[in-house]
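# A structural walkthrough
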Amino acid sequence: MSEKKSICVFCGSSGKVDQAYRDAATKFGTLIGERGYNLVYGGGRVGLMGLTADAALAAGAAVTGVIPKFLEDYEVGHQGLNELIITDNMHDRKRIMYEKADAFVILPGGLGTMDETFEVITWTQLGLSKKPVVLANVNGFWDPLVALVDHFVATNFAKPENRNFIQVADTLEGVFPFVTEAPVTHGKVESKWV
Ligand code: AMP
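Quick look at the structure, then.

Reading the values: rules and limits
- Residues numbered from 1 in each chain as written.
- Predicted model: local features only at pLDDT ≥ 70, side-chain atom pairs only at ≥ 80, totals over all residues.
- Heavy atoms only, no water.
- Pairing = 2+ DSSP bridges.
- Helix = DSSP H or I, 4+ residues; strand = E, 2+ residues; numbered from the N terminus.
- Axes fitted to C-alpha atoms, helices over the stretch in contact; angles between N-to-C directions.
- Phe/Tyr/Trp six-rings, centres within 6.5 Å; stacked < 30°, edge-to-face > 60°.
- Buried < 20%, exposed > 50% of the residue type's maximum accessible area, 1.4 Å probe, protein only.
- 1 Å grid on protein atoms, 1.4 Å probe; cavity = no way out; pocket = protein on both sides within 12 Å on 5 of 7 lines; lining within 4 Å.
- Points joined across faces, edges and corners; volume = space filled by probe spheres on them.
- Nonpolar A, V, L, I, M, F, W, Y, C, P; charged D, E, K, R; others polar.
- Polar contact = N/O pair within 3.5 Å; in protein donor to acceptor, adjacent residues only side chain to side chain.
- Contact = heavy atoms within 4.5 Å.
- Lys, Arg positive; Asp, Glu negative; His and termini not counted.
- Salt bridge = Lys/Arg side-chain N within 4 Å of Asp/Glu carboxyl O.
- Core = buried A, V, L, I, M, F, W, Y, C linked by side-chain atoms within 4.5 Å.

### A look at the sheet that holds strand S3 (residues 63-68)
Strand order in this open sheet of seven strands is S4-S3-S2-S1-S5-S6-S7, and the pairing throughout is parallel. At either margin of the open sheet sits one strand with a lone partner, and together these are strand S4 (83-87) and strand S7 (167-169). For this sheet, the mean inter-axis angle between neighbouring strands, taken without regard to orientation, is 25°. Examined bridge by bridge, strand S1 (residues 6-10) and strand S5 (residues 103-106) share four bridges and lie parallel to one another. Bridge pairing links Ile 7 to Ala 103 in S5.

Here it is in structure tokens:
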């Protein structure tokens with residue numbers, strides 16, 4: 001087990017997005033390396049995923065990508081990583097990313113990013129996970145998601161305390177206090193679903 005903590009980043013695979021989001025991905029990858037963390041992510045070299053990985057590598061982080069076989073070509077698996085794990089399917093990919101992470105940070109992304117995020121949050125809700133999940137709310141990108149969770153609470157589909165399953169950081173630097181407080185859990189199988 002690495003002595004460094006690992007941050008698992010979920011983010012968009014699209015590169016055709018506002019430059020502010022691209023810059024945020026690069027900056028966050030740099031911060032991961034500079035602050036002494038390793039990166040776990042979905043293994044692609046495209047979009048914000050690739051930008052985050054490249055910046056983390058350049059800043060000295062060890063980077064592990066986890067990509068399902070069928071997506072390796074489609075997403076153009078990143079060949080410059082310290083480790084690229086090829087899985088049989090999407091579920092194994094998520095399980096391995098989960099096991100290797102100490103915390104999850106969500107940069108701007110789309111439907112796939114949401115799937116990954118909600119899977120972890122629902123594990124938290126079911127008591128299967130205690131690893132922090134932090135939205136990097138770049139330019140208020142995640143405000144609609146926060147509003148949706150508030151709507152769930154207002155309509156009694158979620159308990160008020162369930163808001164705490166997602167931490168919101170308004171700056172990239174503001175992500176790190178949540179990660180720093182998290183215990184080291186990577187490499188440990190703590191969840192009942194594995
Ligand atoms: P996106 O946010 O849609 O650009 O997707 C970002 C990440 O989510 C990529 O690593 C995708 O492989 C993954 N992803 C895309 N679609 C799905 C899906 N239906 N279920 C789970 N993960 C997905």
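### As for the packing of aromatic side chains
Under the defined criterion, the tally for this structure stands at seven aromatic pairs. Arranged with centres 5.7 Å apart and planes meeting at 35°, the rings of Tyr 37 and Phe 176 form a pair that is tilted. Of this pair, Tyr 37 sits in the loop between helix H1 (19-34) and strand S2 (38-41) while Phe 176 sits in helix H7 (residues 176-181), and the two are 139 residues apart along the sequence. Accessibility expressed as a relative area gives 3% for Phe 176, which makes it buried.

### Quick look at the layout of surface pockets
Estimated volume of the largest pocket: approximately 290 Å³. Lining the largest pocket we find 20 residues, and of these Glu 75, Arg 93, Gly 112, Thr 113 and Glu 116 sit closest to its centre. For the lining of the largest pocket, the elements supplying multiple residues, two or more each, are S1, helix H4 (90-100) and helix H5 (111-125). Among the elements that make up the lining of the largest pocket, the one with the highest residue count is H5 (five residues). Taken together, the residues that form the lining of the largest pocket break down as nine nonpolar, six polar and five charged. Considered as a void within the structure, the second largest pocket measures approximately 200 Å³ in volume.

### What to know about the side chain of Lys 94
By the secondary structure assignment, Lys 94 is in helix H4. Taking the relative accessible area as the measure of exposure, Lys 94 reaches 13% and is therefore buried. Within the structure, the side chain of Lys 94 is placed 2.5 Å from the side chain of Asp 115, a separation counted as a polar contact. If we skip the residues at most four places from it in the chain, Lys 94 touches Asp 115, Glu 116 and Glu 119.

### Some remarks on the side chain of Asp 102
With respect to the helices and strands, the residue Asp 102 is situated in the loop between H4 and S5. Buried and without a salt bridge, Asp 102 has Lys 131 as its closest oppositely charged side chain, separated by 5.6 Å. Among the polar contacts listed, one links the side chain of Asp 102 to the backbone nitrogen of Ser 6, at a separation of 2.7 Å. Discounting residues that sit within four places of it in the chain, Asp 102 has contacts with Lys 4, Lys 5, Ser 6, Lys 131, Pro 132, Ala 182, Pro 183, Val 184, Thr 185 and His 186.

### So, the nonpolar core
Residues Ile 7, Phe 28 and Val 175 are the most contacted members of the largest nonpolar core, which totals 29 residues. Of all the secondary structure elements, the ones that give two or more residues to this core are S1, H1, S2, helix H2 (47-58), S5, strand S6 (133-136) and H7. Among the elements that line this core, the one with the most residues is H1, at five residues. In this structure Ile 7 touches Phe 28, Ile 32, Tyr 37, Asn 38, Leu 39, Val 40, Ala 103, Val 105, Phe 176 and Val 179, once residues within four positions along its chain are discounted. Of all hydrophobic cores here, the second largest spans 23 residues; its members include Val 66, Ile 96, Met 97 and Ile 106.

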